[in-house]
Amino acid sequence: MDFAGVECEIPDPGDYFTLAIGPTPILVLRDQTGAIQAFFNTCRHRGSKICLAEKGAVRRLVCPYHQWTYDLTGQLVHTGRMHEEFERTAYALRRVNVRTTGGTIYICLAGEPPDFDVYGPLIEPYLVPHGLGNAKLAHETHVVVKGNWKLVMENSRECFHCPARHHELMQTFLHDYNFEEPGNDQVVHSFWEKCSSLGLVSENREGDDFRIIRLPLRKGAVSSTMDGKSAVSRRLGTMPTNDAGSVRWVHFPSTFNHAFADYAVLVRMLPLGPQETLF
Ligand code: FES
Ligand SMILES: [Fe+2]
């Protein structure tokens, strides 16, 4: 499944955001019960896009073309000028598979989505203290990369170039630790013991398409900033300490992330086409 966004982007019923995977427009919203729903952002009448904005809030989904109207569960509730026998129930919005974990939202266009029951529950306890579902979105930026999304993702995974190319990151980023066996790294091991005593899950876990770990920052730093001090005075969620390093998690092929005690950076990669990626 692919990372789509964060629950704090759509805090209230009717809030939505849109995205596209290749040519396919998708709509993610919060319904009246507070649940997250995802649909193809395509009207069942003549195929118009329904929500045209990147983000917004609606009571109902009204197609801008002939104003067919859907409720927040995708049911078709109003059609102008259709004959009496028209079966509205047969024209609900097409659903997109959606799952959430720790305040993050994943979608899948396939009819049968890949298993999420290992990755989702496994990362949840790492993320919950950071409260991403109730955080505030401080900044969002988009970059179009002229490259295939899997190459862009692969490039993000090798950090051999980081010391030469990412001077700001390297102010606080722990780079030279035992990547293969972090539990055998003395600095990491004692950091994990301290985190564990505060109720923070830290150990590295990985599967075929993911890895998650909590790691310390460089000595003396509590956040990823130029001086290593917190960027935000208030901690995220229920974080018990500023000195919590960062949870780093990656899920192929669409996301890599860092959550600190005071803020988080979440990166989403969407294929616009075979040779173009929205980063
Ligand atoms: S295309 Fe949506 S109402 Fe006609
Ligand atoms: Fe890089």
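Residues numbered from 1 in each chain as written. Chains lettered and ligands numbered in written order. Predicted model: local features only at pLDDT ≥ 70, side-chain atom pairs only at ≥ 80, totals over all residues. Heavy atoms only, no water.

I'm lost on the overall build of the protein chain in this one. Help?
Along the backbone of the protein chain there are four helices and 18 strands. Referenced to the eigenvectors of the C-alpha coordinate spread, the extents of the protein chain come out at roughly 75 × 40 × 30 Å. Counting every position in the protein chain, which comprises 279 residues, the buried fraction comes to 45%. Long-range contacts, defined here as pairs at least 24 residues apart, represent 56% of the contacts in the protein chain between residues at least 6 apart. Accessible surface, the protein chain: about 14,900 Å² in total, of which carbon and sulfur atoms supply 50%. If the 28 positive side-chain charges of the protein chain are averaged to one point and the 32 negative ones to another, these points end up 6 Å apart. (Helix = DSSP H or I, 4+ residues; strand = E, 2+ residues; numbered from the N terminus. Buried < 20%, exposed > 50% of the residue type's maximum accessible area, 1.4 Å probe, protein only. Contact = heavy atoms within 4.5 Å. Areas by Shrake-Rupley, 256 points an atom, 1.4 Å probe, with all protein chains shown as cover. Lys, Arg positive; Asp, Glu negative; His and termini not counted. Charge placed at Lys NZ, Arg CZ, Asp CG, Glu CD.)

Explain unusual backbone geometry here, please?
Generally, phi is negative for residues other than glycine and the peptide bonds are trans, each holding for most cases. Cis peptide bonds are those with omega within 30 degrees of zero, and the linkage from F252 to P253 qualifies with 0 degrees. Of note in the backbone geometry, Q67 takes a positive phi value of approximately 65 degrees without being a glycine. With respect to the helices and strands, Q67 occurs in the loop between β6 (61-62) and β7 (69-70). Even without being a glycine, R81 presents a positive backbone phi close to 60 degrees. Note that R81 resides in the loop between β8 (76-78) and β9 (97-101).

What is the right way to read empty space enclosed by the protein from this model?
The final tally for this structure, using the stated rule, is two cavities of 30 Å³ or more. One number sums up the size of the largest cavity: a volume of about 50 Å³. Lining the largest cavity, in full, are A4, E9, F17, T18, E54, K55, E140 and R268. Classifying every residue of the lining of the largest cavity gives two nonpolar, one polar and five charged. Within this model, the second largest cavity holds a volume of roughly 40 Å³. L169, T172, F173, L217, S224, S246, H258 and F260 together form the lining of the second largest cavity. (1 Å grid on protein atoms, 1.4 Å probe; cavity = no way out; pocket = protein on both sides within 12 Å on 5 of 7 lines; lining within 4 Å. Points joined across faces, edges and corners; volume = space filled by probe spheres on them. Nonpolar A, V, L, I, M, F, W, Y, C, P; charged D, E, K, R; others polar.)

Honestly, the pattern of salt bridges in this entry has me stumped. Any pointers?
When the charged atoms of two side chains with opposite charge come close together, those side chains can pair. With the rule as written, the count across this model stands at seven salt bridges. The salt bridge partner of K194 is D243, with a shortest N-O separation of 3.0 Å. Placement of K194 in helix α4 (residues 186-197) and of D243 in the loop between β13 (210-215) and β14 (246-251) is noted, with a sequence separation of 49 residues between them. A relative accessible area of 29% means that K194 is categorised as partly exposed. (Salt bridge = Lys/Arg side-chain N within 4 Å of Asp/Glu carboxyl O.)

Explain helix α1 (residues 119-127) to me, please; I cannot follow it from the model alone.
Every α-helix winds through 3.6 residues per turn, so residues three or four apart in the chain are directed the same way. Within α1, the full set of buried residues consists of Y119, G120, L122, I123, Y126 and L127. One side of α1 holds all its buried residues, which, seen down the axis, span an arc of 165 degrees. Check the buried side of α1 and you find it contacts β9, β10 (104-108), β12 (205-207), β13 and β14. (Arc of directions from axis to C-beta.)

What exactly am I supposed to notice about the nonpolar core here?
General note: in soluble globular proteins, nonpolar side chains tend to be found buried as a group. Grouped together as the largest cluster of nonpolar side chains are 31 residues, with contacts concentrated most on Y106, Y119, I123, I212, V247 and W249. Looking at this core, the elements that each hand over two or more residues are β1 (2-6), β10, α1, α4, β13 and β14. When residues of this core are assigned to their parent elements, the largest contribution, five residues, is made by α1. Built from parts of two domains, this core gets at least three residues from each of domain 1 (2-108) and domain 2 (142-278). Excluding residues within four positions of it along the chain, I212 makes contact with L122, I123, Y126, E203, N204, R205, V247, R248 and W249. If you look at the next biggest cluster of nonpolar residues, it comprises 15 residues, including I50, L61, Y70 and L76. (Core = buried A, V, L, I, M, F, W, Y, C linked by side-chain atoms within 4.5 Å. Domains from an automatic or database assignment.)

Looking at this structure, how should I read the domain arrangement of the protein chain?
One widely used convention gives an interface's size as the accessible area the parts lose upon coming together. In terms of domain boundaries, the protein chain breaks down into domain 1 (2-108) and domain 2 (142-278). At the junction of the two partners, domain 1 supplies 12 residues and domain 2 supplies 13 residues. Taking both partners together, domain 1 and domain 2 bury about 950 Å²; carbon and sulfur atoms supply 59% of that area. In terms of surface lost to domain 2, no three residues of domain 1 exceed D2, F3 and Y106, which account for 49% of the buried area on that side. (Buried area = accessible area lost by both parts, 1.4 Å probe.)

Help me out: how do you make sense of the sheet that holds β6 in this one?
Within a sheet, neighbouring strands are paired by backbone hydrogen bonds and run either parallel or antiparallel to one another. Taken together, three strands build an open sheet; the order of strands is β6-β7-β8 and the sheet is antiparallel. Only two strands of the sheet have a single partner each, and these edge strands are β6 and β8. Pairing of β6 with β7 involves two bridges; the strand directions are antiparallel. Residue pairing in the sheet places V62 in a bridge with T69 of β7. (Pairing = 2+ DSSP bridges.)

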